[in-house]
Amino acid sequence: MLQQIFKVGHYPNLLLNEKDSFGGKVLNLLKTYGILFLGLIAVSPTLLMVDYFVVHVLHYKTISEVQKHGMSQFLHKMGYWKAIVYICLIGPLIEETVFRLPLSLKKGHIALGFAAAAFLFSGFLLKDIKLPWLNLSVRLSITILVYVICFFTAPKGLSIIDHRFRRHLIVLSIILFGLMHIGNYTPIQWPVIWIYPVYVLPQILMGWAITYVRFRDGFWWGFILHCLINSVSMALSSGHLH
C-alpha cells in the first residue's frame, strides 16, 4: 500500500488495477486515514519549531494560534450546526470538485472544477455584498457562466496527454490544495508570508492521501475521506474551544 501511495505517477492506473468490494474500499480508506494520521504526528514537531522561530527569533505573533481563533470566530458567526454542515460536508464537496474531480481530464469534470472554483473564490471577492440573496445570486451567475465557457472551450482528448504531465498535474493539485489553506491563518503577517507554506504541511499531506483514494477507489471515496478528516478535526477543535 505504501508503495502505491508514493508512486504518484501511477495514480491514473489505479482504477484499472483495483476492483475491490465495498468492504475492501472501506478498509483502504481507513488504512489511508491511519497513514495520514501518522504523517500528521510526524510533522507536528516541525510546526512547533517553526512557530517558536516566528515568535522568539523573528519576533512576530504566533501563527498557529490564528487558526484556532479563526475557527472560534467562524463557529460564533455561523452557528455551531451550520458550521458543522459546511466544514464536514459542503466544504469538502466544493474542494474535491475543484482539486480532484478535474484530474480525470474529462471535459465535463474540468468545467465543473473551474465552476466550483469560481463559486468558492467569488465568495472572497464579493464579501462586501451584505444582502445574502444578492451575494448568492451573483456567485451562482458567475459559476454558471464559468461552467459554460469552460465546457465549450476545453479541448477533447485530454485523457491521453503525456504521462509525465499528468503526474505534474497531480502534484500541482496537491500543493495548491495545501496552499489554499493559508487562508485559514488570516490576518496574514505579510513580512513572514514565506514561512506560511510550512503551516499547511498537514493539508498537503491530507491532499496527497485524498488524491490517492480518489484515483484508487473513485471520486466519492475521496470525498468521504475528506469528510472524515474534517469531521475528526472539527470534533477536536470544538472540544478544545469549549
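Summarised in this report is the structure supplied together with it. Just so you know, these numbers come straight off a predicted model, no measurement behind them.

What counts as what
- Residues numbered from 1 in each chain as written.
- Predicted model: local features only at pLDDT ≥ 70, side-chain atom pairs only at ≥ 80, totals over all residues.
- Heavy atoms only, no water.
- Axes fitted to C-alpha atoms, helices over the stretch in contact; angles between N-to-C directions.
- Helix = DSSP H or I, 4+ residues; strand = E, 2+ residues; numbered from the N terminus.
- Parallel < 35°, antiparallel > 145°, perpendicular 65-115°, else oblique.
- Left-handed = near helix turned anticlockwise from the far one by under 90°.
- Contact = heavy atoms within 4.5 Å.
- Core = buried A, V, L, I, M, F, W, Y, C linked by side-chain atoms within 4.5 Å.
- Buried < 20%, exposed > 50% of the residue type's maximum accessible area, 1.4 Å probe, protein only.

### Let's talk about the packing of helix α3 (residues 22–56) against helix α10 (residues 201–217)
Thought 1: Where α3 meets α10, the closest approach of the two axes is 9 Å, and the angle between their N-to-C directions is 165°. Considered as vectors, α3 and α10 are oriented roughly antiparallel to each other. As α3 runs across α10, the sense of the crossing is right-handed. Facing α3, whose interface residues are Lys25, Asn28, Thr32, Leu36, Gly39, Leu40, Val43 and Leu47, α10 presents Pro202, Leu205, Met206, Ala209, Tyr212, Val213, Arg216 and Asp217.

### What to know about unusual backbone geometry
Thought 1: For the peptide bond that leads from threonine 186 to proline 187, omega is 0°, which places it in the cis range.
Thought 2: Turning to its location among the elements, proline 187 is positioned in the loop between α8 (163–180) and α9 (196–199).
Thought 3: The backbone of histidine 59 shows a phi angle near 65°, a positive value even though the residue is not glycine.
Thought 4: Although it is not a glycine, leucine 105 adopts a positive phi angle of roughly 65°.
Thought 5: If you trace the backbone, leucine 105 turns up in the loop between α5 (80–99) and α6 (107–125).

### Comments concerning the nonpolar core
Thought 1: If you look at the biggest cluster of nonpolar residues, it comprises 38 residues, and the most contacted ones within it are Tyr11, Ile63, Ile195, Tyr196 and Leu225.
Thought 2: Breaking this core down by element, the ones donating at least two residues are α3, α5, α6, α8, α9, α10 and α11 (219–241).
Thought 3: Considering each element in turn, this core owes the most residues, seven residues, to α10.
Thought 4: Residues in contact with tyrosine 11, not counting those within four places in the same chain, are Gln4, Ile5, Ile170, Trp208, Thr211, Tyr212 and Phe215.
Thought 5: Core analysis: the next-biggest nonpolar cluster, separate from the first, contains six residues, Leu75, Ala83, Ile87 and Cys88 among them.

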